[in-house]
Amino acid sequence: MKTYRLTRSQARQIWLHAQRLDERTPFGAGPGATRAAIEHLGYVQIDTINVIERAHHHILFSRIPEYRRSDLATAQSVDKSVFEYWTHALAYVPVRDLAYYLADMRQQRSAPMRWYADADPADLSKLLRQIRREGPVSIRDIDDEELIEKDHPWASRKPSKRVLQYGFYSGELAVSERTGMVKTYELMSRHFGWQRAPRPATERQVDAYLLDRALTAQGLVSAPSVMYPRLRFSAGIAALVERRLRSRKLVPVRVDDDPAQHYVRPSDLERRGGDAPPLVHILSPFDPLIIQRRRTSALFGYDHVFEAYVPKARRRFGYFTLPVLVGEDIVAALDLKTDRAANRVLIQAWHWVGRGDAAAHRPLIEAELDRFSAFQLGV
């Protein structure tokens with residue numbers, strides 16, 4: 001079977017198109033655009049850090065110029081077209097894909113994650129009865145008589161949070177509303193108005209979903225990019241890839257001297273950049289283009305350094321550095337901070353990286369900073 005050869009530039013163009021970062025308004029505007037963007041990307045990561053706008057809003061703004069935070073709230077709580085669950089991290093996921101997560105939810109009931117492994121099923125049953133009787137609750141609605149010590153930075157001292165997490169990850173509860181980082185929990189069946197819960201996807205269906213999700217959002221895929229954060233295909237997905245190679249639905253690809261084996265749909269193989277002026281994007285470090293660090297390094301030659309948890313004296317770039325994409329190149333990394341009291345965005349550090357050139361790129365980035373700042377400040 002012929003293995004196709006691509007340059008890094010060609011590979012980047014395929015990935016950028018799949019990420020819809022090569023056009024300014026790929027999804028339109030309003031709550032429908034938010035749903036469409038999350039459906040196309042497969043999921044959008046949620047994160048708590050808010051020195052600038054939180055990651056989930058930032059990622060959507062990068063693809064929806066007229067994005068409003070209320071659009072995501074509408075999609076989650078009114079239209080109910082997206083829901084929260086765990087992918088490689090907590091994320092917004094399309095409701096159309098819920099069936100692919102139901103088997104994992106069932107598994108969490110018997111093999112819970114360490115964050116809530118000590119939650120008592122009897123306490124969960126009690127909480128479910130309360131919600132069924134009194135309506136949705138948030139962590140703020142529950143008074144714990146005794147507080148406990150945190151066992152990781154994102155933990156809560158309230159034991160009841162572990163019970164809520166147990167109910168959430170096991171599929172008994174859904175996040176029906178989010179205000180900032182405060183989540184309101186509702187019975188999943190009542191939130192979605194189910195008379196009967198949907199049937200979980202089979203293992204083979206989940207395998208196909210994971211592969212197709214990656215192909216749609218990445219264009220060019222490899223085992224680590226499909227399985228992130230794992231590095232190798234599962235046996236089922238490896239067999240599926242082989243079947244698609246034999247049927248010519250996928251073709252094998254090598255990118256310059258990158259040792260990774262990539263795969264692409266034949267229809268995406270001829271992707272080429274246009275002649276339009278390069279778009280500028282100030283990206284979140286949790287953006288799908290950046291979060292898979294090895295892949296970003298291999299295709300863009302950019303090694304992102306996340307230093308939010310590094311002591312200040314040891315930081316090289318800054319607390320929350322944002323990569324800047326100009327056309328198909330990452331050319332700068334900006335450490336930004338929103339001063340909400342003064343209603344301005346502060347540039348704490350500006351680093352040129354890769355092919356970054358002050359004379360060529362600074363005017364383009366400064367223009368994008370104006371747009372980005374207006375979003376940060378709610379203008």
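Look a little higher up for the structure.
What you see is a predicted model, and the numbers here were worked out from it, not measured in a lab.

Scoring rules and cut-offs
Residues numbered from 1 in each chain as written. Predicted model: local features only at pLDDT ≥ 70, side-chain atom pairs only at ≥ 80, totals over all residues. Heavy atoms only, no water. Helix = DSSP H or I, 4+ residues; strand = E, 2+ residues; numbered from the N terminus. Rg over C-alpha atoms; globule rule 2.2 N^0.38 Å. Buried < 20%, exposed > 50% of the residue type's maximum accessible area, 1.4 Å probe, protein only. Contact = heavy atoms within 4.5 Å. Areas by Shrake-Rupley, 256 points an atom, 1.4 Å probe, with all protein chains shown as cover. Lys, Arg positive; Asp, Glu negative; His and termini not counted. Charge placed at Lys NZ, Arg CZ, Asp CG, Glu CD. Pairing = 2+ DSSP bridges. Axes fitted to C-alpha atoms, helices over the stretch in contact; angles between N-to-C directions. Polar contact = N/O pair within 3.5 Å; in protein donor to acceptor, adjacent residues only side chain to side chain. Salt bridge = Lys/Arg side-chain N within 4 Å of Asp/Glu carboxyl O. Parallel < 35°, antiparallel > 145°, perpendicular 65-115°, else oblique. Nonpolar A, V, L, I, M, F, W, Y, C, P; charged D, E, K, R; others polar. Core = buried A, V, L, I, M, F, W, Y, C linked by side-chain atoms within 4.5 Å. Phe/Tyr/Trp six-rings, centres within 6.5 Å; stacked < 30°, edge-to-face > 60°. Lys NZ or Arg CZ within 6 Å of the ring centre and 35° of its normal.

Undergrad: Give me the overall build of the protein chain: which residues, what numbers.
TA: Across its full length, the protein chain holds 13 helices and 14 strands. Here the C-alpha atoms of the protein chain give a radius of gyration of 22 Å, agreeing with the 21 Å that 2.2 N^0.38 yields for 379 residues. Dimensions of the protein chain, computed from the C-alpha atoms along their principal axes, are close to 60 × 60 × 40 Å. Out of the 379 residues in the protein chain, the part that is buried amounts to 51%. Taking all contacts inside the protein chain whose residues are at least 6 apart in sequence as the whole, residues at least 24 apart take part in 61%. For the protein chain, the exposed area adds up to about 18,500 Å²; of that, 48% sits on carbon and sulfur atoms. Of the charged side chains in the protein chain, 57 are positive and 46 negative; the average position of the first set lies 4 Å away from that of the second.

Undergrad: Now, about the sheet that holds strand β4 (residues 90-94): what can you tell me, with residues and values included?
TA: In spatial order, the strands read β2-β4-β3; together these three strands make up an open sheet with antiparallel pairing. The sheet is open, and its two borders are formed by β2 (44-45) and β3 (82-86), each paired with just one other strand. Where β3 and β4 come together, five bridges link them in antiparallel fashion. Bridge pairing links Tyr85 to Ala91 in β4. Running over the sheet, helix α4 (residues 69-77) touches β3 and β4 and is turned about 85 degrees from β3.

Undergrad: Mind laying out the environment of Asp357, listing which residues take part and the relevant values?
TA: With respect to the element layout, Asp357 can be found in the loop between β14 (344-352) and α13 (358-376). Overall, the relative accessible area of 36% leaves Asp357 in the partly exposed class. Put simply, Asp357 and Ala332 are 25 residues apart on the chain and 8.8 Å apart in space, counted from C-alpha to C-alpha. Setting aside chain neighbours within four positions, we find Asp357 in contact with Trp352 and Arg362. Looking at Asp357, its side chain comes within polar contact range of the main-chain nitrogen of Ala359, at 3.2 Å.

Undergrad: Tell me about the pairing of strand β13 (residues 329-339), and name the residues and values.
TA: Extensive coverage of β13 is indicated by the burial of nine of its eleven residues. Between the antiparallel neighbours strand β12 (residues 321-326) and β13 lie two residues, among them Gly327 with a positive phi of about 65 degrees. Relative to β14, β13 is paired through eight bridges, and the arrangement is antiparallel. Paired with Leu336 across the strands is Ile347, a residue of β14. In this antiparallel pair of consecutive strands, β13 and β14, the connection spans four residues, and Asn343 shows a positive phi of 60 degrees.

Undergrad: Describe the side chain of Asp47, listing the residues and the values that go with them.
TA: Within the element layout of this structure, Asp47 appears in the loop between β2 and α3 (55-61). Buried and unpaired, Asp47 has Arg54 as its nearest opposite-charge partner, separated by 7.2 Å. Of the polar contacts made by the side chain of Asp47, one reaches the backbone nitrogen of Ile49; its length is 3.1 Å.

Undergrad: Quick rundown of the packing of helix α2 (residues 31-41) against α4? Include the residues and the values.
TA: Two numbers describe a pair of packed helices, the interaxial angle and the distance between the axes. Direction vectors running N to C along α2 and α4 enclose 75 degrees, while the axes themselves pass 8 Å from each other. Here α2 lies roughly perpendicular to α4, going by the angle between them. Between α2 and α4, the residues in contact are Pro31, Thr34 and Ile38 and Asp71, Leu72, Thr74 and Ala75, respectively. In terms of residue class, the contact of α2 with α4 is made up of four nonpolar, two polar and one charged.

Undergrad: I'd love a proper account of the nonpolar core, names of residues and values included.
TA: It is characteristic of soluble globular proteins that their nonpolar side chains tend to be buried jointly. With 71 residues, the main nonpolar core has Leu336 and Ile365 as its most contacted residues. Counting residues per element, this core draws most heavily on helix α7 (residues 159-169), at five residues. Counting residues in hydrophobic clusters, the runner-up holds 22 residues, among them Leu220, Val253, Leu299 and Ala333.

Undergrad: Can you explain the sheet that holds β13? Please cite residues and give values.
TA: Read from one edge to the other, the open sheet built from four strands follows the order β11-β12-β13-β14, with strand pairing classed as antiparallel. On the outer flanks of this sheet lie β11 (280-282) and β14, each paired with one strand and no other. The sheet shows a mean angle of 30 degrees between the axes of neighbouring strands, direction not considered. Alignment of β12 against β13, held across six bridges, turns out to be antiparallel. Counterpart to Leu322 in the pairing with β13 is Leu334. Against the sheet, α13 touches β11, β12, β13 and β14, its axis set at about 150 degrees to β14.

Undergrad: An account of the packing of aromatic side chains is needed here, citing residue identities and associated values.
TA: Tallying each qualifying case throughout the model produces 22 aromatic pairs. Centroid distance Tyr85 to Tyr101: 6.0 Å. Interplanar angle 75 degrees. Geometry classified as edge-to-face. With Tyr85 in strand β3 and Tyr101 in helix α5 (residues 99-110), the pair connects residues that are 16 residues apart, well separated along the chain. Ring centres of Phe192 and Trp194 lie 5.4 Å apart, and the angle between their planes is 20 degrees; on these two criteria the pair is classed as stacked. On the basis of relative accessibility, which here comes to 17%, the residue Phe192 falls in the buried class. Of note, Arg295 hangs over the ring of Trp15, and the distance from its end group to the ring centre comes to 4.1 Å.

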